[in-house]
Amino acid sequence: MSPEDLLRKIAAIQRMERGNVCETERGYNHTFWDRKRQKTSSEYLPTHLVEKMRRLTHAHEEFEHLVQEYEDLIVSRTRAEWEKQYPKERPRRPRHRKSKEIPVKVIVVRVRR
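First, a word on scope: everything that follows refers to the structure included in this document. Residue positions within a chain follow its written sequence, with the count starting from 1. Restriction of local features to residues with pLDDT of at least 70 applies here, the model being predicted, together with a cutoff of 80 or more for giving and counting side-chain atom pairs; totals for whole chains, interfaces and linings are based on all residues. The basis for every side-chain value is the complete set of heavy atoms in the structure, and neither hydrogens nor water enter the calculation.

**What about the pairing of strand E2 (residues 27–34)?**
And step 1. For the exposure calls, accessible area comes from a 1.4 Å probe over protein chains only, and a residue counts as buried if that area is under 20% of its type's maximum, exposed if over 50%, partly exposed in between. A run of DSSP states H or I qualifies as a helix once it reaches four residues; a run of E qualifies as a strand once it reaches two. Both are numbered from the N-terminal end. The buried fraction of E2 is high, at six of eight residues.
And step 2. Only when DSSP finds a minimum of two bridges between them are two strands counted as paired. A loop of two residues connects strand E1 (residues 20–24) with E2, the two strands running antiparallel in sequence.

Okay, structure coming up:
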């Protein structure tokens, strides 16, 4: 799938909601991350709205999946272009191996006459 196709699919998503629908003892809750309060929030969900909310949260999951696919395509395209434009240079190996030099201490002795 091309990046343009993915962008069309992303733009086609007109309604979505973060979070998920959880069943509780008293009914259903819509649980989501509240950025303003930096915590997870939960709201009671009337039974007749459960399926609609599930569709909205599913749309958000699809949105995130499509955005991830788009990102992967663009990154792989960028890396391929980068490698063509700036190929990796192979490290040069020395032509002859040098023997390991052993440090030699030089002692200078002066003789007095």
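**Some words on the packing of aromatic side chains**
And step 1. Each Phe, Tyr or Trp ring, with Trp reduced to its six-membered ring, pairs with another whose centre is within 6.5 Å; inter-plane angles below 30 degrees give stacked pairs, above 60 give edge-to-face pairs, and intermediate values give tilted ones. Throughout the structure, instances matching the rule amount to one aromatic pair.
And step 2. Ring plane angle 50° and centroid distance 4.6 Å describe the contact between Trp82 and Tyr86, whose orientation is recorded as tilted.
And step 3. When its relative accessible area of 55% is taken as the criterion, Trp82 is described as exposed.
And step 4. For Tyr86, a relative accessible area of 44% corresponds to the partly exposed category.

**Points about the pattern of salt bridges**
And step 1. Any carboxyl oxygen of Asp or Glu within 4 Å of a side-chain nitrogen of Lys or Arg constitutes a salt bridge here. Applying the stated criterion across every chain, the model contains two salt bridges.
And step 2. Taking the shortest distance from any N to any O, the salt bridge between Asp5 and Arg8 comes out at 2.7 Å. In this pair, Asp5 and Arg8 are both assigned in helix H1 (residues 3–12), three residues apart and thus about one turn of the helix distant.
And step 3. We classify Asp5 as partly exposed; its relative accessible area is 31%.
And step 4. The class for Arg8 is exposed, based on a relative accessible area of 54%.

**Looking at the environment of Glu71**
And step 1. You can see Glu71 is positioned in helix H2 (residues 50–85).
And step 2. What makes Glu71 partly exposed here is its relative accessible area of 41%.
And step 3. A C-alpha to C-alpha distance of 8.8 Å links Glu71 and Pro3, two positions 68 residues apart in sequence.

**Topic: H2**
And step 1. One less than the residue count of a helix, multiplied by 1.5 Å, gives the span that helix is expected to have. The terminal C-alpha atoms of H2 lie 53 Å apart, and with 36 residues this matches the ideal 52 Å at 1.5 Å per residue to within 8%.
And step 2. Those residues of H2 not exposed but buried are Val50, Met53, Thr57, Ala59, His60 and Leu66.

**Some thoughts on the environment of Val50**
And step 1. You can see Val50 is positioned in helix H2.
And step 2. Excluding anything up to four places from it in sequence, Val50 contacts Val21, Tyr28 and Leu45. Only heavy atoms matter for contacts: two residues are in contact if any of them lie within 4.5 Å across the pair.

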